[in-house]
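# Working through the structure, step by step
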Amino acid sequence: MEISGSSAFYSGLSSIQSGQNRVDAAAGKIASAATSQPSDALNDRLRAAEGNQQSNSASNMVEMAQGKFQVELGAKVAKASNEMLGTLIDTYA
């Protein structure tokens, strides 16, 4: 019996990596928005767009939460696949 790489396991790892990338990107956007120091000339335009910035911060927080859940679910998929492969090896060994 030949056992090749488990597609479910690699799918779980891919999901973990995608989730981490999503969290990193959203955290970077939040950090860059928090550290930017606007000049006085831009304050008027920023006040007009302040509502939009708050919604962007909220959407970035949602992105971070989605990334967290994606990582957690990917870990569960990888763990379940690993346990299933271990069961197959124990059964045929």
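None of the values given here were measured: they were computed from a predicted structure.

You can see phenylalanine 69 is positioned in helix H3 (residues 50–92). Its relative accessible area of 47% is what places phenylalanine 69 among the partly exposed residues. Distance from phenylalanine 69 to isoleucine 16, taken between C-alpha atoms, is 9.3 Å for residues 53 residues apart in sequence.

Counting through the fold element by element, asparagine 60 comes out in helix H3. With relative accessibility at 12%, the residue asparagine 60 sits in the buried group. Each residue touching asparagine 60, except ones within four places of it in the same chain, is listed here: Ala26, Lys29 and Ile30.

Attention now moves to the packing of aromatic side chains. Counting across every chain of the model gives one aromatic pair. Taking 5.7 Å as the distance between ring centres and 75° as the angle between the ring planes, the aromatic pair formed by phenylalanine 9 and tyrosine 10 counts as edge-to-face.

A few words on the pattern of salt bridges. As enumerated under the stated definition, the model contains one salt bridge in all. Between glutamate 63 and arginine 22 there is a salt bridge, and its shortest N-O distance comes to 3.1 Å. One end of the pair, glutamate 63, is in helix H3; the other, arginine 22, is in helix H1 (residues 7–35), with 41 residues separating them in the sequence. Given the relative accessible area of 31%, arginine 22 is considered partly exposed.

Procedures and definitions
Residues numbered from 1 in each chain as written. Predicted model: local features only at pLDDT ≥ 70, side-chain atom pairs only at ≥ 80, totals over all residues. Heavy atoms only, no water. Helix = DSSP H or I, 4+ residues; strand = E, 2+ residues; numbered from the N terminus. Buried < 20%, exposed > 50% of the residue type's maximum accessible area, 1.4 Å probe, protein only. Contact = heavy atoms within 4.5 Å. Phe/Tyr/Trp six-rings, centres within 6.5 Å; stacked < 30°, edge-to-face > 60°. Salt bridge = Lys/Arg side-chain N within 4 Å of Asp/Glu carboxyl O.

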